[in-house]
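# Survey of secondary and tertiary structure
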Amino acid sequence: DAKTTQPTSMDCAEGRAANLPCNHSTISGNEYVYWYRQIHSQGPQYIIHGLKNNETNEMASLIITEDRKSSTLILPHATLRDTAVYYCIVRVGGGNAGNMLTFGGGTRLMVKP
Amino acid sequence: GAVVSQHPSRVICKSGTSVKIECRSLDFQATTMFWYRQFPKQSLMLMATSNEGSKATYEQGVEKDKFLINHASLTLSTLTVTSAHPEDSSFYICSATGPTGELFFGEGSRLTVL
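All chains use their own residue numbering, which begins from 1 and follows the written sequence. Both sets of labels track the order of writing: A upward for chains, 1 upward for ligands. Predicted model: local features are reported for residues with pLDDT of at least 70 only, side-chain atom pairs are reported and counted for 80 or more only, and whole-chain, interface and lining totals are derived from all residues. The side-chain quantities take in all heavy atoms of the structure and omit both hydrogens and water.

### As for the overall build of chain A
- To qualify as a helix, a DSSP run of H or I must reach at least 4 residues; to qualify as a strand, a run of E must reach at least 2; elements of each kind are numbered from the N terminus. Along the backbone of chain A there are zero helices and nine strands.
- Listing every helix and strand of chain A by position from the N terminus yields β-β-β-β-β-β-β-β-β.
- Based on C-alpha atoms, the radius of gyration is set beside the globule rule, defined as 2.2 Å times the residue count to the power 0.38. In terms of overall dimensions, chain A is globule-like: its C-alpha atoms have a radius of gyration of 13 Å, near the 13 Å expected for 113 residues.
- Structurally, chain A occupies a C-alpha span of about 40 × 30 × 25 Å along its principal axes.
- Residue contacts follow a heavy-atom distance rule, with two residues in contact if any of their heavy atoms lie within 4.5 Å. Counting contacts in chain A only where the partners sit at least 6 residues apart, residues at least 24 apart contribute 58% of the total.
- The protein chains shown are the only cover counted for residues, whose accessible areas, like all others here, come from Shrake-Rupley with a 1.4 Å probe. A total of about 5,700 Å² of accessible surface is found on chain A, and carbon and sulfur atoms cover 49% of it.
- Placing the 10 positive and 9 negative side-chain charges of chain A at their respective mean positions leaves the two points 4 Å apart. Residues scored as charged are limited to Lys and Arg (positive) and Asp and Glu (negative), so that His and the chain ends carry no count. Note that the charge is assigned to NZ on lysines, CZ on arginines, CG on aspartates and CD on glutamates.

Listed below in structure tokens is the structure:
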């Protein structure tokens, strides 16, 4: 799986949008961009994923650049409960491809009142 | 959505004893499950891939005789840390691929070896 690069940490004011960037310049054509987050002492939680089109669900929006070399996860109205480590992962979608899953360092998002 | 559950969530044991951690897929069948280990302030590291009905595949550097994995059914994989030592203290997390391709993770099991 392609390697990803994320900022180590970010701060965001409560109620504002949190924009978390991720670089994945070596992504292959069949690799999806997945985002997970991990709240302290819990297992990672799936947020969203996409291949090339922008995606939105009840948790977040995912913006993928046209060349697919980077993406941004957007939490539209961050709350204190969104404080967590956010992982951007690229992997072949579907099936049992998770054995190739590689977690990078992630971005530690701190939402402040 | 698909749920993966781990048990126990916390366990404390004496050095030299063995500890078993269970990972269950609650509403879907998982032919493959994955075990990760996470040390404090570090990211998740894949330890092994658990395959139903066959031997697990271990990542480089992970001792298969120390971390025994059994995947006897389509909904249950177990990780047994044998002869645990303080350096095995960690957060162990399992995951499974859901019906539509997403990876779902368990809540994690924190092992403390005294």
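### So, unusual backbone geometry
- Looking along the chain, the bond that leaves His7 of chain B and enters Pro8 of chain B is cis, with omega of 0°.
- If you trace the backbone, Pro8 of chain B turns up in the loop between strand S1 (4-7) and strand S2 (10-13).
- You will see that Arg68 of chain A, though not glycine, has its phi angle at about 65°, which is positive.
- When you line up the elements, Arg68 of chain A lands in the loop between strand S6 (61-64) and strand S7 (70-75).

### A look at the interface of chain A and chain B
- Tallying the contact residues gives 20 residues for chain A and 20 residues for chain B.
- A combined buried area of about 1,600 Å² lies between chain A and chain B, and 55% of that area is made up of carbon and sulfur atoms.
- Polar contact is defined as a pair of N or O atoms within 3.5 Å, subject to the rule that within protein one atom must be able to donate a hydrogen and the other to accept it, and that residues adjacent in sequence are counted only when both atoms are side-chain atoms. For the pair chain A and chain B, the interface holds four residue pairs in polar contact (both at pLDDT 80 or more).
- Elements represented by at least two residues in the side of chain A that touches chain B include exactly strand S3 (31-38), strand S4 (45-50) and strand S8 (84-92) of chain A.
- Tallying contributions element by element places S3 of chain A first for the side of chain A that touches chain B, with three residues.
- Gly falls in the polar group here, along with every residue not listed as nonpolar (Ala, Val, Leu, Ile, Met, Phe, Trp, Tyr, Cys, Pro) or charged (Asp, Glu, Lys, Arg). Residue classes in the side of chain A that touches chain B are distributed as seven nonpolar, twelve polar and one charged. The quantity reported as buried area is the accessible area (1.4 Å probe) lost by two parts once they are put together, taken as the sum for both.

### Re the confidence of the model for chain B
- For chain B, per-residue confidence averages 92 on the pLDDT scale, and residues scoring 70 or more make up 97% of the total.
- By mean pLDDT, the top-scoring element of chain B is strand S11 (residues 109-113) of chain B (97), and the lowest-scoring one is strand S10 (residues 103-105) of chain B (85). For every residue, the predictor assigns a confidence score, pLDDT, that lies between 0 and 100.

### Considering the nonpolar core
- The biggest cluster of nonpolar side chains holds 25 residues, and the ones touching the most others in it are Val4, Trp35, Phe67, Tyr92 and Leu111 of chain B.
- Residues grouped as a nonpolar core are buried Ala, Val, Leu, Ile, Met, Phe, Trp, Tyr and Cys residues, joined through side-chain atoms within 4.5 Å. Relative accessibility under 20% of the residue-type maximum defines a buried residue, over 50% an exposed one, and the middle range a partly exposed one, all with a 1.4 Å probe and only protein chains included. Ala18, Ile48, Ala84 and Val90 of chain A belong to the second largest nonpolar core, which has 21 residues in total.

### Considerations on the state of the cysteines
- The definition used for a disulfide is geometric: two cysteine sulfur atoms within 2.5 Å. With the rule as written, the count across this model stands at two disulfides over all chains.
- The partner cysteine of Cys23 of chain B in its disulfide is Cys94 of chain B, sulfur to sulfur 2.0 Å. Linking Cys23 of chain B and Cys94 of chain B, the disulfide has an S-S dihedral of approximately 80° and is accordingly described as right-handed. Remark: Cys94 of chain B occurs in strand S9 (residues 90-97) and Cys23 of chain B occurs in strand S3 (residues 19-25); sequence separation between them is 71 residues. In terms of burial, Cys23 of chain B and Cys94 of chain B fall into one category: buried.
- Of the cysteine sulfurs around Cys12 of chain A, a residue in no disulfide, the closest is that of Cys22 of chain A, at 18 Å.
- For the unlinked cysteine Cys13 of chain B, the closest cysteine sulfur is that of Cys94 of chain B, found at 18 Å.
- Classification of Cys13 of chain B as buried rests on a relative accessible area of 9%.

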